[in-house]
Amino acid sequence: MDLPGPIHDFLLVFLGSGLILGGLGVVLLTNPIYSAFSLGLVFVCISLFYIPSNSHFVAAAQLLIYVGAINVLIIFAVMFMNGSEYYNDFNLWTVGDGVTSVVCTSILLH
């Protein structure tokens, strides 16, 4: 698909920011359901990256396989687990969240 330059650049920045925010959501969110939905956002953004390069079949296949099957399977597996253990001691920032935030910020700034 031949898009004008500014629209193509905006699309890449929009999808890239969706990937970064979704990836941070997968790592930093403590609720596994929200983390699985963030993983679905990452899968959708990855599949939409194929559309500007005229790979519509690959985009549709990735959307169907990863979002439609893998992510739904992850959500069902998480829903079958006992969910009460995730809310017993709810800390918004743990040590792993802080380390991940520092590493991701340092990678982003370099």
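Relevant structure appears above.
Computed from a prediction, not measured in an experiment: that's the story for all the values here.

## Regarding the environment of Asn-71
1) Next: Looking at where Asn-71 falls in the secondary structure, it is placed in helix H3 (residues 56-80).
2) Next: Counting along the chain gives 32 residues from Asn-71 to Leu-39, while the straight-line C-alpha distance between them is 7.4 Å.
3) Next: Excluding residues within four positions of it along the chain, Asn-71 makes contact with Ala-36, Leu-39, Gly-40, Phe-43 and Tyr-66.
4) Next: In terms of polar contacts, Asn-71 uses its side chain to reach the backbone carbonyl oxygen of Ala-36, at 3.3 Å.

## Some remarks on the packing of aromatic side chains
The geometry of two aromatic rings is summed up by the distance between their centres and the angle between their planes.
1) Next: A complete count under the given rule lists two aromatic pairs for this structure.
2) Next: Consider the rings of Phe-10 and Phe-14, whose centres lie 6.1 Å apart with planes at 20°: the pair is stacked. Here Phe-10 and its partner Phe-14 are both found in helix H1 (residues 5-28), four residues apart, which amounts to about one turn of the helix. Note on accessibility: Phe-10 and Phe-14 belong to one class, exposed.
3) Next: Residues Phe-43 and Tyr-66 carry aromatic rings whose centres are separated by 5.2 Å and whose planes lie at 40° to one another, so their mutual orientation is tilted. Here Tyr-66 lies in helix H3 and Phe-43 lies in helix H2 (residues 32-48), a separation of 23 residues in the sequence.
4) Next: The class of Tyr-66 is partly exposed, set by a relative accessible area of 36%.

## As for the side chain of Ser-38
1) Next: Tracing the backbone through its elements, the reader meets Ser-38 in helix H2.
2) Next: With near-sequence residues (within four places) excluded, Ser-38 lies in contact with Gly-22, Gly-25, Val-26 and Leu-29.

## Some points on the packing of H1 against helix H4 (residues 95-109)
1) Next: Interhelical geometry of H1 versus H4 gives an angle of 160° and a closest axis separation of 10 Å. One finds that H1 runs roughly antiparallel with respect to H4. H1 and H4 meet at a crossing whose hand is right-handed. Touching Ile-20, Leu-24, Val-27 and Leu-28 of H1 are Asp-97, Thr-100, Ser-101, Cys-104 and Leu-108, all from H4.
2) Next: Classifying every residue of the contact of H1 with H4 by side-chain character gives six nonpolar, two polar and one charged.

Analysis parameters
- Residues numbered from 1 in each chain as written.
- Predicted model: local features only at pLDDT ≥ 70, side-chain atom pairs only at ≥ 80, totals over all residues.
- Heavy atoms only, no water.
- Helix = DSSP H or I, 4+ residues; strand = E, 2+ residues; numbered from the N terminus.
- Contact = heavy atoms within 4.5 Å.
- Polar contact = N/O pair within 3.5 Å; in protein donor to acceptor, adjacent residues only side chain to side chain.
- Phe/Tyr/Trp six-rings, centres within 6.5 Å; stacked < 30°, edge-to-face > 60°.
- Buried < 20%, exposed > 50% of the residue type's maximum accessible area, 1.4 Å probe, protein only.
- Axes fitted to C-alpha atoms, helices over the stretch in contact; angles between N-to-C directions.
- Parallel < 35°, antiparallel > 145°, perpendicular 65-115°, else oblique.
- Left-handed = near helix turned anticlockwise from the far one by under 90°.
- Nonpolar A, V, L, I, M, F, W, Y, C, P; charged D, E, K, R; others polar.

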